[in-house]
Amino acid sequence: MVRTVTMKNKTYEPEIGASPATLVKVKRREKKTTTTTKSDEEDEEWAIAKMWCVGEKKKPDGATVDQGGAGVCYRKEGNVIVDATSPQRTKAVRTMRNSVTMQKILDYCDASEISVRHWTERVKSVHPSNTRKIETDALFMSIAPGISITQLDGRLVKSDPIGARDALANVDHESVVKAAVMDALLGQCDRHGENIFIDVVNETYSKMTFIDNDQMFGRGWRACVTESVFIPGSEKFSIARFSNSHVNGDADARRVKTSVSLSVMLDYRCHARDGFLGKNSFGDKLDTCLSELANMRIEEAMNKFEFFDEKDAKFVLERAKGLKEFGFERAMLRWQRNSGLKNVGIGKNFRAFPWPATCCYPSLSHSQGENTALLSCETDTSQRLKCKGGADACMFSGGWEAVA
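All values derive from a computational prediction rather than experimental measurement.

Caption draft 1: View of the overall build of the protein chain. From N to C terminus, the protein chain includes 11 helices and 17 strands. When each of the 404 residues of the protein chain is scored for burial, the buried share is 48%. Intrachain contacts of the protein chain at a sequence separation of at least 6 include 65% that bridge at least 24 residues. As displayed, the protein chain has an accessible area near 19700 Å², and 47% of this comes from carbon and sulfur atoms.

Listed below in structure tokens is the structure:
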């Protein structure tokens, strides 16, 4: 895997992550013939290969995490691991297909620049930690430049809070709006700071890239409406803004002594014109894409985007209809408040949270009695926002008002 990344004069080690799959960094070699000299050249490209059911998974120190589902995920023929038919294998196939479907939809909606690219290939190789031979399908992903927002939160904010804030402030507005719309359209359930990479290209531009898009269409390790730091009302957004100790604990949000996550700067309202999307204001290409999806038949969507099943295709087409009919804010509020999702995981029902005031550019402060620099939101955390005139009128209101 990628060992270190240097950005803004600091060296970072990427997080280990929590994927149940095996991830390896690979160099893909492909021979190509140049048209001018007719000579063969070798085109090399680094990528990440994500594989399920290929044997035991190990920690960096060599300790075994699990046995890789022997007899469930795979079967052995001599020293060769081959695919097995099992619920776990079916889940892996679905995950790979979903990622390819997402890629096709991103391409169709002219939004592919916000994510790493995804494709699948058949792999014949040797497991890097136990030398077993492998023959399986793998999900390939291009490598995201930069480092995760979680890394920025954990290290750069402490040493250079202004530089960290500028890194997020220089992400272009169009990319953030596209990200929010696509997360809503695809029902992304796991869009948090570890899965968003920021690359400081120069002093005025930072590129944002998604990774780990597996959990979509309203389900993942637990069901959701949309869990994304780009969209208020979700748990992921609320944790970034008010801390996990407040959202999933008893801490007073107004007395949290840690910096607010830089993710709050990706609130789509900070990047949409007038802080509001409403109807038909996603940008010409996204508007066209959503209109076409809203009017597409399930059979056509299945063929065009290669959905794993009709349920997923119906989910996306219905989301597109909702965004076009009600506008972004009204659609999200309807879905969040009327989800009816129960027992979605770890003993919880799906939770929708109030939409707080924006925190587009956190202020620099210091923790009381200490020299530690903090980024904080100056707005009163007891405030919440509602659509002017109520949810049914929000697509016409052009903005929001704070209420106690």
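Caption draft 2: Focus on the state of the cysteines. Under the criterion given, the structure shown has 4 disulfides. What pairs with C359 in a disulfide is C377, and their sulfur atoms sit 2.1 Å apart. Torsion about the S-S bond of the C359 and C377 cystine: about -100 degrees, corresponding to left-handed handedness. Placement of C359 in the loop between helix 10 (328–337) and strand 14 (363–366) and of C377 in the loop between strand 15 (373–376) and strand 16 (384–387) is noted, with a sequence separation of 18 residues between them. Neither C359 nor C377 differs from the other in exposure class; each is buried. Each bonded cysteine of the protein chain gets a number by its place in the sequence, and the pairs then read 1-5, 2-3, 4-7, 6-8.

Caption draft 3: Up close: the pairing of strand 12 (residues 196–202). In this structure, strand 11 (residues 147–148) lies alongside strand 12, joined through 2 bridges in antiparallel fashion. Across the sheet, the residue bridging to I147 is I198, located in strand 12. Between strand 12 and strand 13 (residues 205–210), which follow one another and run antiparallel, lie 2 residues.

Caption draft 4: Representation of the packing of aromatic side chains in the model. Tallied over the full model, the rule gives 7 aromatic pairs. Ring centres of F305 and F307 lie 6.2 Å apart, and the angle between their planes is 85 degrees; this geometry places the pair in the edge-to-face category. Each member of the pair F305 and F307 is classed as buried. Clustering of aromatic rings is evident, with ring pairs tying together Y108, F217, F305, F307 and F315. We note R319 situated over the ring of W335; from NZ or CZ to the ring centre the distance is 4.3 Å. Looking at R334, its charged tip hangs above the ring of F326, at a distance of 3.9 Å from the centre.

Caption draft 5: The environment of V316, seen in detail. Here V316 is to be found in helix 9 (residues 310–326). With 22 residues separating them along the chain, V316 and A294 place their C-alpha atoms 8.7 Å apart. Beyond its immediate sequence surroundings of up to four residues, V316 is in contact with I105, L185, L186, F217 and F307.

Parameters at a glance
Residues numbered from 1 in each chain as written. Predicted model: local features only at pLDDT ≥ 70, side-chain atom pairs only at ≥ 80, totals over all residues. Heavy atoms only, no water. Helix = DSSP H or I, 4+ residues; strand = E, 2+ residues; numbered from the N terminus. Buried < 20%, exposed > 50% of the residue type's maximum accessible area, 1.4 Å probe, protein only. Contact = heavy atoms within 4.5 Å. Areas by Shrake-Rupley, 256 points an atom, 1.4 Å probe, with all protein chains shown as cover. Disulfide = S-S within 2.5 Å. Pairing = 2+ DSSP bridges. Phe/Tyr/Trp six-rings, centres within 6.5 Å; stacked < 30°, edge-to-face > 60°. Lys NZ or Arg CZ within 6 Å of the ring centre and 35° of its normal.

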